[in-house]
Amino acid sequence: MPVILSPNPNDPRVIRTRQLIMDAFAELLHTMDFNTMTISDITRKATINRATFYAHFADKYALLEALLAAAFLEYFLKRIDAEARLTEETIQQLIFSLCDYHESSNSCVKKYDSVSLIIEENIKKRLEKFILQLITKVTDTTDEKTLETTATMLGWSIYGVTYRWNLEGRKEAPSALAQRIVPLIVNGVALLNASGTK
């Protein structure tokens, strides 16, 4: 069996092919259940062969991971500067970003339940990592474990609030949700800021 070399990720043809696969996969998620979707379904939709698919992704779970990573970047980094610090405004923007994400996910995945746990875990993990980067710009005196725990608490809280907001029918505007939630979160962040200035 021939060895398939990993393609050069900077080659424009590789970038286009990878995007073609991701676009085909995203389209299929509108009409098919993720669990029953096969690599053949994806390659047929993308008009590529299996070897090309496997040169880019190990399996459909790796493809889902890549799609979620792209969605995270789209929804978060378009609102929040990667060099930002954790502030009230940043927390508001995180809430807005997650509201955008939840709204778009309602129409993008058929039978959302079949992949909801994978999606939720992925978003929480990325959110934690992103918040940890923001927090480390606020303080350099707090130990790493406390920072990681804080990032987890903030990430899961923000995710949970916006998830429930979506589940309950998005009855208030994201700005109203943020106005109600941010003060609850900021009190905890204020304690972290105070410990970083000692």
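Reading guide: rules and limits
Residues numbered from 1 in each chain as written. Predicted model: local features only at pLDDT ≥ 70, side-chain atom pairs only at ≥ 80, totals over all residues. Heavy atoms only, no water. Salt bridge = Lys/Arg side-chain N within 4 Å of Asp/Glu carboxyl O. Helix = DSSP H or I, 4+ residues; strand = E, 2+ residues; numbered from the N terminus. Buried < 20%, exposed > 50% of the residue type's maximum accessible area, 1.4 Å probe, protein only. Expected span 1.5 Å × (residues − 1). Polar contact = N/O pair within 3.5 Å; in protein donor to acceptor, adjacent residues only side chain to side chain. Phe/Tyr/Trp six-rings, centres within 6.5 Å; stacked < 30°, edge-to-face > 60°. Lys NZ or Arg CZ within 6 Å of the ring centre and 35° of its normal. Axes fitted to C-alpha atoms, helices over the stretch in contact; angles between N-to-C directions. Parallel < 35°, antiparallel > 145°, perpendicular 65-115°, else oblique. Contact = heavy atoms within 4.5 Å. Nonpolar A, V, L, I, M, F, W, Y, C, P; charged D, E, K, R; others polar. Arc of directions from axis to C-beta.

Caption draft 1: Spatial organisation of the pattern of salt bridges. Across all of its chains, the model carries 8 salt bridges by this definition. Between Arg-126 and Glu-65 there is a salt bridge whose closest N-O contact spans 2.9 Å. Placement of the pair is Arg-126 in helix α6 (residues 113–136) and Glu-65 in helix α4 (residues 60–77), with a sequence separation of 61 residues. For Arg-126, a relative accessible area of 23% corresponds to the partly exposed category. For Glu-65, a relative accessible area of 30% corresponds to the partly exposed category. For the salt bridge of Arg-180 with Glu-172, the shortest nitrogen-to-oxygen distance reads 2.5 Å.

Caption draft 2: Quick peek at helix α7 (residues 144–167). In a regular helix each residue adds 1.5 Å, so 24 residues correspond to 34 Å; α7 covers 34 Å between its end C-alpha atoms and thus fits that length. If you check which residues of α7 are buried, you get Leu-147, Thr-150, Ala-151, Leu-154, Gly-155, Ile-158, Tyr-159, Thr-162, Trp-165 and Asn-166. Its side-chain oxygen placed 3.3 Å from the backbone nitrogen of Lys-145, Asp-143 serves as the N-cap of α7. Just downstream of α7 lies Gly-169, where phi reads positive at about 95°.

Caption draft 3: Structural view of the packing of aromatic side chains. Under the defined criterion, the tally for this structure stands at 5 aromatic pairs. Summarising the aromatic geometry, the rings of Phe-53 and Phe-57 are spaced 5.9 Å apart at their centres and angled 40° between planes, so their arrangement reads as tilted. The two residues Phe-53 and Phe-57 agree in class, both being buried. Ring centres of Tyr-159 and Tyr-163 lie 6.0 Å apart, and the angle between their planes is 15°; this geometry places the pair in the stacked category. Taken as a pair, Tyr-159 and Tyr-163 lie in helix α7 at a separation of 4 residues, close to a single helical turn. By relative accessible area, which is 2% here, Tyr-159 ends up buried. Residue Tyr-163 is classed as partly exposed on the basis of its relative accessible area of 30%. An aromatic cluster of at least three residues, connected via ring pairs, comprises Phe-25, Phe-34 and Tyr-61. Over the ring of Trp-156 we find Lys-124, and its NZ or CZ is 3.9 Å from the ring centre.

Caption draft 4: How the structure looks around the packing of helix α1 (residues 12–31) against α4. Interaxial distance between α1 and α4 falls to 10 Å at its minimum, and their mutual angle equals 95°. When the interaxial angle is binned, α1 and α4 end up roughly perpendicular. Of the residues in α4, those touching α1 at Arg-18, Ile-21, Met-22, Phe-25, Ala-26 and Leu-29 are Lys-60, Leu-63, Leu-64, Ala-66, Leu-67 and Ala-70. Looking at the contact of α1 with α4, its residues break down into 10 nonpolar, no polar and 2 charged.

Caption draft 5: Structural view of α1. The terminal C-alpha atoms of α1, which comprises 20 residues, lie 29 Å apart, in line with the 28 Å expected from a rise of 1.5 Å per residue. Among the residues making up α1, those that are buried are Val-14, Ile-21, Met-22, Ala-24, Phe-25, Leu-28 and Leu-29. Looking straight down α1, one finds its buried side chains confined to an arc of 160°; they lie on one side. Among the exposed residues of α1, those pointing more than 90 degrees away from its buried face are Pro-12, Arg-13, Arg-16 and Thr-31.

Caption draft 6: Broad picture of the environment of Thr-149. If you trace the backbone, Thr-149 turns up in helix α7. Residues Thr-149 and Leu-132 lie 17 residues apart in sequence; the distance between their C-alpha atoms is 9.2 Å.

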